[in-house]
Amino acid sequence: MSATVDADSEDLAPTLESIIHQKSLRWIFVGGKGGVGKTTTSCSLAIQLARVRKSVLLISTDPAHNLSDAFSQKFGKEARLIDGFTNLSAMEIDPNGSIQDLLKEGGEGAEEIMAQTGGMGGMMQDLAFSIPGVDEAMSFAEVLKQVKSLSYETIIFDTAPTGHTLRFLQFPTVMEKALAKISQLSTQFGPMLNSVIGARGGLPGGQNLDEVIAKMETLRETIGEVNTQFKNPDMTTFVCVCIPEFLSLYETERMIQELSSYQIDTHAIVVNQLLFPKKNNPCEQCNSRRKMQKKYLEQIEELYDEFNVVKMPLLVEEVRGKEKLESFSEMLVKPYEPPT
């Protein structure tokens, strides 16, 4: 049997067109193991969405901050228009940012409470923020604040590697627990804290502790609303990205199972870095690797026969800059045709 693999174009039928044209989608997450092409995929998907949506926001929650590299443009914590687009913006946040930093940047008086109430305030902070995953949750709360004020039609997340992503998606539950804890503590210690704050001249802006707690309750309601949206397949979906290798396939399976346990829709898998050697190609390594890739592709199609599996080729150069990303993005909606 010949080692040369026939590059059969019928393997390449599925695309992400159904996601792009699903107008009701508001939240799209793109994730997978490190190094599988998540950023290239999320940038390309954002470009395609910008063609059919009024406004699109692309957010990186990966500390590596690959969006800046992909578009050759510096992004930060504030949403910024991507050069060459009028309706596509990007921002980069660090999900590992400390709670203290976030409090300093916009804690609605929370930092002042901690400072003015001494040990008792410190105890409240320690108890409320001892819940696992709260760093990711606080980061998302920061994002949510921007998203609500800027009213983007669709938000795409270029997520950190799998472990961070799954914790990140738990943020509504985590935040609800943290805010419930603060509310409980304020009920127990509120009168004492109010008297301490009053004795020290009150909080900035004339607020009292009850007003600050009321704002936190409002935040909890908003987060509850987003939690409901995340579990609605009409509004939220997760695009899994992988490469045709064992570890990546294993990670994808683990991620899909966890997403299912969180009730988050996922029905699309992008398989990157596929080789399509020409017929009678003399390159033994190319043919051998393609043979291995076909084995894992068959496993993916067997495991996820109800999924939309999109197959993307390994290119000879990096996909960086607006033009190359636009070219790559076309293959998400129009199947790649390998050379013959």
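Further up the page is the structure itself.
The following paragraphs examine the structure supplied in this document. Worth saying up front: this structure is predicted, and the values here are computed from it rather than measured. (Residues numbered from 1 in each chain as written. Predicted model: local features only at pLDDT ≥ 70, side-chain atom pairs only at ≥ 80, totals over all residues. Heavy atoms only, no water.)

**Regarding a nonpolar patch on the surface**
Inference 1: On the surface, Phe246, Leu247 and Tyr250 cluster together into a nonpolar patch covering about 360 Å² of accessible area.
Inference 2: Structurally, Phe246 can be placed in helix H11 (residues 246-261). (Patch = residues over 30% accessible without salt bridge, like charges linked within 9 Å, V, L, I, M, F, W, Y side chains within 5 Å. Areas by Shrake-Rupley, 256 points an atom, 1.4 Å probe, with all protein chains shown as cover. Salt bridge = Lys/Arg side-chain N within 4 Å of Asp/Glu carboxyl O. Helix = DSSP H or I, 4+ residues; strand = E, 2+ residues; numbered from the N terminus.)

**So, unusual backbone geometry**
Inference 1: Look at Gln263: it is not a glycine, yet its phi comes out positive at around 65 degrees.
Inference 2: Accessibility expressed as a relative area gives 52% for Gln263, which makes it exposed.
Inference 3: Phi is positive for Gln273, which is not a glycine, with a value near 65 degrees.
Inference 4: By secondary structure assignment, the location of Gln273 is in strand S7 (residues 268-274). (Buried < 20%, exposed > 50% of the residue type's maximum accessible area, 1.4 Å probe, protein only.)

**Here we look at a negative patch on the surface**
Inference 1: Together, Glu298, Glu302, Asp305 and Glu306 give the surface a local cluster of negative charge.
Inference 2: Tracing the backbone through its elements, the reader meets Glu302 in helix H12 (residues 284-303). (Lys, Arg positive; Asp, Glu negative; His and termini not counted. Charge placed at Lys NZ, Arg CZ, Asp CG, Glu CD.)

**Some details on the pairing of strand S6 (residues 236-242)**
Inference 1: Here S6 lies mainly inside the structure; seven of its seven residues are buried.
Inference 2: The two faces of S6 match: Thr236, Phe238, Cys240 and Cys242 on one face and Thr237, Val239 and Val241 on the other face are all buried.
Inference 3: As paired elements, strand S1 (residues 27-31) and S6 share five bridges and run parallel to each other. Counterpart to Gly31 in the pairing with S6 is Cys240.
Inference 4: The pairing of S6 with S7 spans four bridges and is parallel. If you follow Cys240 over to S7, its bridge partner there is Ile269. (Pairing = 2+ DSSP bridges.)

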